Amino acid sequence: MIVGMFFNNSHNYYHFVTGAQEITKYNAYDSEQLIIQKTNVHNRVVFGGKMDVSSSTTPSPDRELVRVQSVSKQFSGVEILKDINFLLREGQVHALLGGNGAGKSTLMKIIAGLLQPDGGEITIRGKAIKHFSPSTAHKLGIYLVPQEPLLFPNLSVRENILFHLPKTQEMELKLTQTLQALNCSLDLDSQANTLEVADQQIVEIMRGLIRDSKVLILDEPTASLTPKETQHLFAQMRKLKAAGVGLIFISHKIPEIFEIADNVTVMRDGCIALNEPIHAVNSNQVISAIAPQCKIDRSKQENGKSYDFQLTTQFHTADVVLSVDNLTGEGFKNISLEVKAGQILGLAGVVGAGRTELAETICGIRKPYNGHIQFGSQEISKLTFSERLQKGIVYLPEDRQSSGLFLDAPLSWNVRSMVHNRFGFWLKSPLELKRLNSYIDAMAIRTTEKDQLVRTLSGGNQQKVLIAKCLEATPQLLIIDEPTRGVDVSARYEIYEIIRFIASKNVAVVVISSDLDEVELLSDIVFVLHQGEQSGQLVGEKISVENIMNIAFGGDKETNHA
Amino acid sequence: MKLRQLANWEGALAGLIVVEILIFGAINPSMLSLNVLLYSTSDFIYIGIVALPLTLVIVSGGMDISLGSTIGLSAIAMGVLFKLGLPIELCMFLTICIGALCGLINALLIIYTGVNPLVITLGTMYLYGGSALLLSGMSGATGYEGIGGFPNSFTDIANGMVFGLPFPLFLFIVAIGLLAMILHRSAIGRNLFLIGQNDRVAKYSGIPITSTLCFAYSMVGICAAISGILLVSYFGSARSDLGISFLMPAITAVVLGGANIYGGAGSIFGTALAALLVGYMQQGLQMVGVPNQISSALSGGLLIIVVVARSIVSHRDVLLDKWSRILSTYQLAKETK
Amino acid sequence: MLSFIKNNRESTVLIAILILFLFISLADSNYFHIQTLTMVFSSAQVLILLAIGASMVMLTRNIDVSVGSTMGLSAVAVATALNAGFPLPIAVLIALCVGAACGFLNGVLVAIGKIPAIVATLGTLGLFRGLMLLWTGGKWIEGLPNSIKNLSSSDFLGISYFGWIIVLITAGFAFMLTKTHFGRNFYAVGDNLQGARQLGVKVDMTRIIAFTLNGTMAAMAGIVFTSQIGFVPNTTGNGLEMKAIAACVLGGVSLLGGVGTVIGAVLGAFFLTQIDSVLVLMRLPAWWNDFIAGLVLLSVLVFDGRLRISIEKAIKAQRYARFRADATNENDDKPESSSSISTGAKGRELL
């Protein structure tokens, strides 16, 4: 059996196997033809035909691209998806929202062929699909751009994007054109592992665009993009819309949804909680669909709640705990600030502004190039991370899953992980469990077993465990990086109360956040960082989202003219 | 919960040992005599002695394939030091120091270069093994004879008895006690588990990675040296090729004992039981008259079966998913005929 | 120069080989002859074949420590077949099938059984060795017909019949791995398994094929070994898996997958053998060999490791270059494109 012959006329190419016993032609659309060939021996289903976006007939919003009906899926007895219905039409941007664990990723993986549903039906362009794999999904024009970039680190950018695609002049031209349309300057020959996360995300998006997908699933594509890059992406998405491509857009950012989407679906606990055209809903309805029991209480009142943490600090109220003087390091320059005991300092800025790098330099993970860091009355620039930890400088990392928590270790191990080396050679198990339970009670951490693995907890509860871990190290200065990333709305407010309580015990707190509402809510003082430099400072009454935004972008006008 | 699972696993291993001894005993009743059971350990317990600290290293996410060479180097060092006229106790002490040094070098190289531990210890395997051969050659000892002439007080060690147990077995039990306490009850042991699970989080938690790893690899070196000394005492001659065949059985014991080869999970008791399981299997086969050759096939086969079974249990979701996919392809094919 | 070494590992090893050749020629001008190199090549044939197979498995981010046993088993297969009267081609085919079957088993255990490669191949190491010993009853196989021994003595341009086959195989695999989609799949699977799966690569099939090819190469090594030595001892192949891995590492193949080439593995194997041969030619006693091999390997590893660390530092320094400049150079910063005001800032959230 001769294996393959490739035709390449200007718009479509066909890939088929000769010597087949049966040839069936199948019309999915008026303008395109799919050829399904089966052999008696191998049952290999080979789809042919590249989906040509530009030459199809005018997109009609009545044409269905993806129809999901009554799909269910369970893992180890837990029902992840229950009787899901979902519809994507041509030329539509369908936004998909939901808390962590709601089932969004699972549903998308099923549509993209990575998982098989247990029940229900999936219809792609009118044809019911029984047997699905990633390659059949590709051939049907479905492409999933994953949330975390899954690039090949040791291959070049070009090879990553054009993987398994024919390497012709045409393809190269298309590649450069698409890159330009995204207004992106990537070195195509550089190795993928030299790219920053935001660039990696763009490469993933490129992979979807270059394959002329008919259905493009974007899983949180804007997580690491700057506003400008996001706008470029939205512009491309609108172009694809106009050409008849259906887009599924998963995001946590409600303003973006309202900007780009035509339809919105909210998933909760494996079911559809909301499914409406975007003009028929407002953001409150969407938020309450995601998490109905959240208290939207935005007042900054004195917290009545008291926690049973054993927090002691050597500093008195209004003592200067941290003093940074003209500090320059990896990603920031000439930073000078002060944090006092009992104060919450909010560090605002865009992703890439240098805030995490600053925090990591203060706690000792990175080395500064220049400047001074003083803790209390002591200069600490020469101390190691462990030494600073001993002194009470505690850093709560941005990414709890990769830097903060041992996901496969029990809760007590995690909570004690910063301190178990301080108490002699032997561990004290009963004490550890006692400490864990005190935090579980105090912070209302929802657990199902006595000392379970952290991985089994929800995002909000994991974050609380991380806070417990940091508190266990008796912080005098606590730097929290993105306190509520990936935390559902109800747990968020609990965490805010906890942070306020910690500060009330005379701990100096620095909160790094990209959520301006959060910064406004928590901070006594706000510092804004922009591209590694201080843009401005706000105190007390002046703190508001508008003012922060002005400093972050308005001040920029001045430096450009300097 | 993981600890409960591990306890079940160790229970299963213990049960398997009993079953195995009973089966062999049924065929050759002399296997069931306590004396035989105790004395036969002297053949294989050396593997157990190095497998125990190897558990520490594997739990931390590392690997040490140079331990066989360290055993050989320790053995020949004993011989060379003895020939130099040093008192036998000093020889043993210095040999243990050499073993510790080998382990320490492994740890420092791994930390300093950031290279995969398997590859680094591949290099030190040749280096230490080569050093052993070098010492052996330069001191005039040919490969098979080794250096002999040790006093009876020394060669009696391996054959001696303590509390009714052969000395090597006694050391093994002491080592179990010591290392189990260290791995499961001490701060260093906790560090090892956490480093093996996620070394990035360990760094951000202030866990002393360098000192912990140096400790673990040095323990392997020390126990390898002890093993080497015992072997020299047992055979009465110091040869550089002692211990070469211990590496794979030691790793087998650690994996069979329930450790995760990628790190983060493991148990000293599990390793000890697995070492006994495999050791007694080889002994039993010998006593039953099965040719030696088949024993490596059987230990290999045992490892595969155990690991496959474990894999099926932990991956049943993915396998079910795949199976349903295969079934649906099959059905699709049948429909379209 | 550092980035040259990083990006052109194969050339670096080639240069090292040439330097070693010049070194031995300086020591004794009789050795300054192409024959020295071809002699090394002859001795290296077994290791080269093992390294080619090992590199393919390593590219997919796996390891195979059972190749020594596979080699032994295949050697026994070819020898037994020859002694039983089968013609040479059939015997060779049988041996190759044995090797392929062994590799296939490994592949299935790893890809479908989801067993970590080192553990699975540790098990099969014992299993295959046991099978081999069972088959021969622990005895050596001797008295082989000349047909097989002649294969390694026949000569064309100073290189034996096997040598040319090896050259062809290397060229074939090199072409496959660099130019075909099938070959790039190996790199993809090793570089990012999940990513490869999502891009439609049949990751299980790719890994099984990698192991099967490795088994076949081990079988070839067994055949060449038998041919060169003339009989099959019962320790055939013991310990060679580690040498094969060392050769690959020397040649730039990474245990973490996705990096390295077949040519690098071949050159690494050649270099390792050359070190041995040089020591012999210099009449150094045999007990120096392992020590020097270990030193060389460790030096390369230390160098590799430090090189990677310094390159990472350089990338980081470049990324933060503008922050290193003193405060006085503030005004020299070029305006960056992303610093312009965002246009769609309707939302209240910054990214």
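Residues numbered from 1 in each chain as written. Chains lettered and ligands numbered in written order. Predicted model: local features only at pLDDT ≥ 70, side-chain atom pairs only at ≥ 80, totals over all residues.

## Describing the overall build of chain C
Consideration 1: Looking only at helices and strands, chain C features 15 helices and two strands.
Consideration 2: Taken along the three principal axes of its C-alpha coordinates, chain C extends 85 × 55 × 35 Å.
Consideration 3: Burial status across chain C gives 50% buried among its 351 residues. (Helix = DSSP H or I, 4+ residues; strand = E, 2+ residues; numbered from the N terminus. Buried ≥ 20, exposed ≤ 12 C-beta atoms within 10 Å, placed from the backbone.)

## With respect to the overall build of chain A
Consideration 1: From N to C terminus, chain A includes 17 helices and 24 strands.
Consideration 2: Considering chain A as a whole, with its 562 residues, one finds that 45% of them fall into the buried category.

## As for the interface of chain B and chain C
Consideration 1: Across the boundary between the two partners, chain B contributes 41 residues, which contact 44 residues of chain C.
Consideration 2: Those elements giving two or more residues to the side of chain B that touches chain C turn out to be helix H5 (88-113), helix H6 (117-138), helix H12 (247-256) and helix H14 (293-314) of chain B.
Consideration 3: Tallying contributions element by element places H6(B) first for the side of chain B that touches chain C, with 15 residues.
Consideration 4: Residues of the side of chain B that touches chain C, tallied by class, amount to 23 nonpolar, 18 polar and no charged. (Contact = placed C-beta atoms within 7 Å. Nonpolar A, V, L, I, M, F, W, Y, C, P; charged D, E, K, R; others polar.)

## Some words on the confidence of the model for chain A
Regions with low pLDDT should not have their predicted coordinates read in detail.
All names here are of chain A.
Consideration 1: For chain A, per-residue confidence averages 79 on the pLDDT scale, and residues scoring 70 or more make up 83% of the total.
Consideration 2: Low pLDDT, under 50, characterises residues 1-57; the predicted model gives this stretch 86 contacts beyond four residues in sequence or across chains.
Consideration 3: Below a pLDDT of 50 lies the segment residues 555-562, which in the model reaches seven contacts outside its immediate sequence neighbourhood of four places, other chains included. (pLDDT = per-residue confidence, 0-100.)

## Points about helix H13 (residues 262-281) of chain C
All names here are of chain C.
Consideration 1: Counted at 1.5 Å a residue, the expected span for H13 with its 20 residues is 28 Å, and the 28 Å between its end C-alpha atoms agrees.
Consideration 2: Within H13, 16 of the 20 residues are buried, which leaves the element mostly enclosed by the surrounding structure.
Consideration 3: Arg 283, located one to two residues past H13, shows a positive phi value of around 60 degrees. (Expected span 1.5 Å × (residues − 1).)

## Regarding the packing of helix H2 (residues 9-27) of chain C against H13(C)
Residues and elements named next belong to chain C.
Consideration 1: With their axes 9 Å apart at the nearest point, H2 and H13 run at an angle of 15 degrees to one another. By the angle class used here, H2 and H13 are roughly parallel. The way H2 lies across H13 gives a crossing that is left-handed. Contact residues: Arg 9, Glu 10, Val 13, Leu 14, Ala 16, Ile 17, Leu 20 and Ile 24 in H2; Ile 263, Gly 264, Leu 267, Gly 268, Phe 270, Phe 271, Gln 274, Val 278 and Leu 281 in H13.
Consideration 2: The residue inventory of the contact of H2 with H13, partitioned by class, reads twelve nonpolar, three polar and two charged. (Axes fitted to C-alpha atoms, helices over the stretch in contact; angles between N-to-C directions. Parallel < 35°, antiparallel > 145°, perpendicular 65-115°, else oblique. Left-handed = near helix turned anticlockwise from the far one by under 90°.)

## Digging into the sheet that holds strand S15 (residues 320-329) of chain A
All names here are of chain A.
Consideration 1: Strand order in this open sheet of four strands is S16-S15-S18-S19, and the pairing throughout is antiparallel. The sheet is open, and its two edges are formed by strand S16 (332-340) and strand S19 (378-379), each paired on a single side.
Consideration 2: Across the sheet, helix H9 (residues 355-363) is in contact with S15, S16 and strand S18 (370-375); its angle to S15 comes to roughly 115 degrees. (Pairing = 2+ DSSP bridges.)

## Description of unusual backbone geometry
Residue and element names in this part refer to chain A.
Consideration 1: Of note in the backbone geometry, His 164 takes a positive phi value of approximately 70 degrees without being a glycine.
Consideration 2: Its place among the elements puts His 164 in the loop between helix H3 (157-161) and helix H4 (169-181).
Consideration 3: One non-glycine residue with positive phi stands out, namely Glu 220, at about 50 degrees.
Consideration 4: Examined against the element boundaries, Glu 220 turns out to sit in the loop between strand S11 (215-219) and helix H6 (227-242).
Consideration 5: On the neighbour-count criterion, Glu 220 (18 C-beta atoms within 10 Å) is partly exposed.

## Things to note about the interface of chain A and chain B
Consideration 1: The partner chain B presents 26 residues to the 29 residues of chain A that form the contact.
Consideration 2: Mapped onto the side of chain A that touches chain B, the elements with two or more residues apiece are helix H10 (385-391) and helix H11 (400-404) of chain A.

## Notes on the environment of B:Gly279
Consideration 1: Relative to the assigned elements, B:Gly279 resides in helix H13 (residues 268-288).
Consideration 2: A sequence separation of 20 residues divides B:Gly279 from B:Ser299, and the C-alpha atoms of the two residues are 9.4 Å apart.

## Overview of the packing of H4(A) against helix H5 (residues 197-210) of chain A
Residues and elements named next belong to chain A.
Consideration 1: The geometry of H4 relative to H5 is characterised by a closest axis approach of 11 Å and an angle of 125 degrees between their N-to-C directions. The pairing of H4 with H5 is recorded here as oblique in orientation. Every pair of crossing elements has a handedness; the one defined by H4 and H5 is right-handed. Between H4, through Lys 174, Leu 175, Thr 178 and Leu 179, and H5, the contact on the second element is made entirely by Met 206, Leu 209 and Ile 210.
Consideration 2: Its residues assigned to classes, the contact of H4 with H5 shows five nonpolar, one polar and one charged.

## Observations concerning the domain arrangement of chain A
Consideration 1: Examined at the domain level, chain A breaks down into domain 1 (1-50), domain 2 (64-290) and domain 3 (320-561).
Consideration 2: The straight-line distance from the C-alpha centre of domain 2 of chain A to that of domain 3 of chain A is 32 Å. (Domains from an automatic or database assignment.)

## Topic: the nonpolar core
Consideration 1: In terms of nonpolar packing, the biggest core is built from 369 residues, with A:Ile217, A:Val509, B:Val50, B:Ala250, C:Leu50 and C:Ala51 touching the most fellow members.
Consideration 2: Among the elements that make up this core, the one with the highest residue count is helix H11 (residues 209-235) of chain B (16 residues). (Core = buried A, V, L, I, M, F, W, Y, C linked by C-beta atoms within 7 Å.)

## Considering the confidence of the model for chain C
All names here are of chain C.
Consideration 1: When the pLDDT values of chain C are averaged, the result is 86; 91% of them are 70 or greater.
Consideration 2: Within the model, the stretch residues 327-351 combines pLDDT values under 50 with 43 contacts to residues more than four positions away or in other chains.
Consideration 3: In the model output, the complex is listed with pTM 0.85 alongside ipTM 0.88.

## Some words on the environment of C:Thr206
Residues and elements named next belong to chain C.
Consideration 1: Along the chain, Thr 206 falls in helix H11 (residues 203-229).
Consideration 2: Residues Thr 206 and Val 57 lie 149 residues apart in sequence; the distance between their C-alpha atoms is 9.9 Å.
Consideration 3: When residues no more than four places from it in sequence are discounted, the contact partners of Thr 206 are Thr 60, Asn 185, Phe 186, Val 189 and Val 201.

## Describing the pairing of strand S21 (residues 477-481) of chain A
All names here are of chain A.
Consideration 1: Counted residue by residue, S21 has five buried out of five residues, so it is predominantly covered.
Consideration 2: Taking every second residue as pointing to the same face, both faces of S21 are buried, with Leu 477, Ile 479 and Asp 481 on one and Leu 478 and Ile 480 on the other.
Consideration 3: Bridge count between strand S20 (residues 393-396) and S21: four bridges; the pairing is parallel. Within the sheet, the bridge partner assigned to Tyr 395 lies in S21 and is Ile 479.

## Considering helix H14 (residues 289-319) of chain C
Helical geometry note: an α-helix holds 3.6 residues per turn, so side chains three or four residues apart project in the same direction.
Consideration 1: An ideal rise of 1.5 Å per residue puts 45 Å on 31 residues; H14(C) measures up with 45 Å between its terminal C-alpha atoms.
Consideration 2: Listed in full, the buried residues belonging to H14(C) are C:Asn289, C:Asp290, C:Phe291, C:Ala293, C:Gly294, C:Leu297, C:Leu298, C:Val300, C:Leu301, C:Asp304 and C:Gly305.
Consideration 3: Where H14(C) is buried, its residues meet H5 and H6 of chain B together with helix H12 (240-250) and H13 of chain C.

## Considerations on the sheet that holds strand S22 (residues 508-513) of chain A
Residues and elements named next belong to chain A.
Consideration 1: A sheet is described by the order of its strands in space; here six strands give the open sequence S20-S21-S22-S17-S23-S24, paired in mixed fashion. What marks the edges here is a single partner per strand, and that holds for S20 and strand S24 (533-539). With direction set aside, neighbouring strand axes in the sheet form an average angle of 20 degrees.
Consideration 2: Direction of pairing for strand S17 (residues 344-349) relative to S22: parallel, over a ladder of five bridges. Each bridged residue has a counterpart across the sheet, and for Leu 345 the counterpart in S22 is Val 510.
Consideration 3: Packed onto the sheet, H9 meets S17, S20, S21, S22 and strand S23 (525-530) and runs at close to 150 degrees relative to S21.
Consideration 4: Along the sheet face, helix H15 (residues 489-504) touches S17, S21 and S22 and points at about 150 degrees away from the line of S22.

## Digging into the environment of B:Arg200
Consideration 1: Mapped onto the secondary structure, B:Arg200 falls in helix H10 (residues 199-204).
Consideration 2: When the C-alpha atoms of B:Arg200 and B:Leu52 are compared, they prove to be 26 Å apart, with 148 residues separating the residues in sequence.
Consideration 3: Residues within four places of B:Arg200 in sequence aside, it is in contact with A:Ser402 and A:Ser403.

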